[in-house]
Amino acid sequence: MKIVVIGGTGLIGSKVVTRLEDHGHEVVAASPASGVNTLTGEGLADAMRGASVVVDLSNSPSFADAAVLEFFETSTRNQLAAEAAAGVTHHVALSVVGTQDLAESGYFRAKIAQEDLITGSPIPYSIVHATQFFEFLPALADMHLVSDTVRVPDAQFQPMASDDVADAVTRVVEGAPVNGIVEVGGPEAFPLEDLIRRDLERHGDARAVVADPDAKYSGARIEEHTLIPGPDATLGTVRYDDWAHATTR
């Protein structure tokens, strides 16, 4: 198949592009650097000509509430319009486990808007809800820094390796549209504060990490299991300790 990967040069996108090419597909790694801009529409028609599947792995360059909403709404509308014109038969998007329960967050309101546009389109679709990536743990700590202490919600967390995310997205891309959500997560659950503390320690970062019942996650109050995938989720195979060992050699 011809497959267009929006955000094809990013962390997940580059891995998905490699996997799809290894499987013999014709892949367009679309990004502004390659002349494809989903906000202006530049290059979309040419990139999608003859494509069967479009995979949206892009993310907003700004997490400010108004900017992130504009990004996901504009980008998604432009993609879906170009896909309809090109006869694309499967739209795949990567989103986040717990999105629908995080509407207090401006970022997740934008993701909800993105998903609503996809589900309201006539184009068959699959939305992959993944848990957070191991690679994002340092940034997550920074997001929750108050004075000199990292304050995170008292919640469970089941992150996964980016390789497992890329494997899951690739499987969905090569399959039939589910016209629904596919959940994926890591093989282990942890208290959020414990895993962030462990990840900081492996980087020699001595900042204190505490579970704060008043702390929000990306601006949203969460329950203990908001960030945990459901019982039917497909779980990755890479454990945190193995990933940490492999990435600190």
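Just above sits the structure.
This is a predicted model, so every value here is computed, not measured. Note that residues are indexed from 1 along each chain, following the sequence as it is written. Note on the predicted model: pLDDT of at least 70 is required for a residue's local features to be given, and 80 or more for side-chain atom pairs to be given and counted; whole-chain, interface and lining totals, by contrast, use all residues. Hydrogen atoms and water are omitted, and side-chain values are computed over all heavy atoms in the structure.

Novice: Looking at this model, I keep getting lost on the overall build of the protein chain. Mind explaining?
Specialist: Numbering of helices and strands starts at the N terminus; helices are DSSP runs of H or I of at least 4 residues and strands are runs of E of at least 2. Along the backbone of the protein chain there are 8 helices and 12 strands. In terms of C-alpha radius of gyration, the protein chain reaches 18 Å, essentially the compact-globule figure of 18 Å for 249 residues. Taking the principal axes of the C-alpha coordinates as reference, the protein chain spans close to 50 × 40 × 35 Å. Two residues qualify as a contact provided that any one of their heavy atoms is within 4.5 Å of a heavy atom in the partner residue. A sequence separation of at least 24 residues applies to 81% of the contacts in the protein chain between residues at least 6 apart. Of the side chains in the protein chain, 17 bear a positive and 36 a negative charge, and the two mean positions are spaced by 2 Å. In this setup the radius of gyration rests on C-alpha atoms only. A globule is expected at 2.2 Å times the number of residues raised to 0.38. In this charge count, Lys and Arg are treated as positive and Asp and Glu as negative; neither His nor the chain ends contribute. Charge coordinates come from a single atom per side chain, which is NZ of Lys, CZ of Arg, CG of Asp or CD of Glu.

Novice: What's the story with the packing of helix H7 (residues 192-202) against helix H8 (residues 240-247) in this structure? I'm lost.
Specialist: Describing two packed helices takes the angle between their axes plus the distance from one axis to the other. In this description, a line fitted to the C-alpha atoms serves as the axis of each element, helices being fitted only across the stretch in contact, and the angle between N-to-C directions of two axes falls anywhere from 0 to 180 degrees. Between H7 and H8, the shortest axis-to-axis distance is 12 Å and the interhelical angle comes to 15°. Considered as vectors, H7 and H8 are oriented roughly parallel to each other. The element H7 and its partner H8 pack so that their crossing is right-handed. Touching Leu195, Arg198, Asp199 and Arg202 of H7 are Tyr240, Asp241, Trp243, Ala244 and Thr247, all from H8. Roughly parallel here means an angle under 35 degrees, roughly antiparallel means over 145, roughly perpendicular means 65 to 115, and every remaining angle is called oblique. Should the near helix be turned counterclockwise from the far one by less than a right angle, the crossing is left-handed, whereas a clockwise turn marks it as right-handed.

Novice: Just to check I follow, could you spell out the side chain of Arg19 for this structure?
Specialist: As for its placement among the helices and strands, Arg19 is situated in helix H1 (residues 11-22). Working definition: with a 1.4 Å probe on protein chains only, accessible area under 20% of the residue-type maximum means buried, over 50% means exposed, and in between means partly exposed. By relative accessible area, Arg19 is classed as buried at 19%. Each polar contact in these results corresponds to two N or O atoms within 3.5 Å; when the atoms are within protein, one needs to be able to donate a hydrogen and the other to accept it, and residues that are neighboring in sequence are counted only if both atoms are side-chain atoms. Polar contacts involving the side chain of Arg19 include one to the side chain of Asp163, which spans 3.3 Å. Those residues in contact with Arg19, other than ones at most four positions away along the chain, are Asp163, Ala166, Asp167 and Thr170.

Novice: I'm lost on the layout of surface pockets in this one. Help?
Specialist: A probe matching the size of a water molecule, rolled over the atoms, marks out where space remains unfilled. A cavity, in this analysis, means grid points on a 1 Å lattice covering only the protein atoms where a 1.4 Å probe fits yet has no way out; a pocket is instead an open set bounded by protein on both sides within 12 Å along at least five of seven lines, and a residue lines either one if it has an atom within 4 Å of a point. Grid points are joined across faces, edges and corners, and a volume is the space filled by probe spheres set on the points. Within this model, the largest pocket holds a volume of roughly 760 Å³. Taken together, 36 residues line the largest pocket, and the ones lying closest to its centre are Leu57, Ser58, Asn59, Tyr107 and Phe133. Where the lining of the largest pocket is concerned, the elements lending two or more residues are H1, helix H3 (65-86), strand E4 (90-96), helix H4 (106-119) and helix H5 (137-143). Following the grouping adopted for this structure description, the nonpolar residues are Ala, Val, Leu, Ile, Met, Phe, Trp, Tyr, Cys and Pro, the charged ones are Asp, Glu, Lys and Arg, and the polar ones are all others, Gly among them. Partitioning the lining of the largest pocket into residue classes produces 21 nonpolar, 13 polar and 2 charged.

Novice: In this structure, what is going on with the packing of aromatic side chains? I would like to understand it.
Specialist: Two aromatic rings are characterised by how far apart their centres lie and by the angle between their planes. Within 6.5 Å between ring centres, the rings of Phe, Tyr and Trp (the latter by its six-membered ring) count as paired, and their orientation is classed by plane angle as stacked under 30 degrees, edge-to-face over 60, tilted in between. The final tally for this structure, using the stated rule, is 8 aromatic pairs. Ring geometry for Tyr107 and Phe108: centres 5.3 Å apart, planes at 90°, overall edge-to-face. As far as the burial class goes, Tyr107 and Phe108 line up, both buried. Ring geometry for Phe190 and Tyr240: centres 6.4 Å apart, planes at 75°, overall edge-to-face. Of this pair, Phe190 sits in strand E10 (residues 190-191) while Tyr240 sits in helix H8, and the two are 50 residues apart along the sequence. With respect to class, Phe190 is no different from Tyr240; both count as buried. One aromatic cluster is present, formed by Phe63, Phe71, Phe72, Tyr107 and Phe108 through successive ring pairs.

Novice: Would you explain the nonpolar core in this entry?
Specialist: Note that soluble globular proteins tend to have their nonpolar side chains buried in a common cluster. To define a nonpolar core, start from buried Ala, Val, Leu, Ile, Met, Phe, Trp, Tyr and Cys residues and group those joined through side-chain atoms within 4.5 Å. By size, the foremost hydrophobic cluster in this structure holds 30 residues, and its most contacted members are Val150, Phe157, Leu192, Ile196, Tyr217 and Tyr240. At the level of secondary structure, the elements contributing two or more residues to this core comprise H3, H4, H5, strand E7 (149-152), H7 and H8. Here this core gets 4 residues from one element, more than from any other, and that element is H7. For Tyr217, the contacting residues outside a window of four places in its chain are Phe108, Gln132, Leu140, His144, Pro153, Phe157, Leu192, Ile222 and Leu227.

Novice: What's the story with the environment of Ile6 in this structure? I'm lost.
Specialist: By secondary structure assignment, the location of Ile6 is in strand E1 (residues 2-6). As a C-alpha pair, Ile6 and Pro153 span 147 residues in sequence and 32 Å in three-dimensional space. Ignoring anything within four residues of it in the chain, the contact list for Ile6 reads Ala30, Thr38, Leu44, Val54, Val55, Asp56, Leu57, Ser58 and Gln79.

Novice: Whenever I open this one, the pairing of strand E2 (residues 26-30) confuses me. Can you help?
Specialist: Every other side chain in a regular strand lies on the same face of the sheet, so the side chains alternate between the two faces. A pair of strands is considered paired only if DSSP assigns at least 2 bridges between the two. Pairing of E1 with E2 involves 5 bridges; the strand directions are parallel. Across the sheet, residue Ile6 finds its bridge partner in E2, namely Ala30. Looking down the strands as they point away from the viewer, one classifies a crossover as right-handed if the path from the first strand across the helix to the second runs clockwise. Where the polypeptide runs from E1 across H1 and back to E2, its parallel neighbour, the crossover connection is right-handed.

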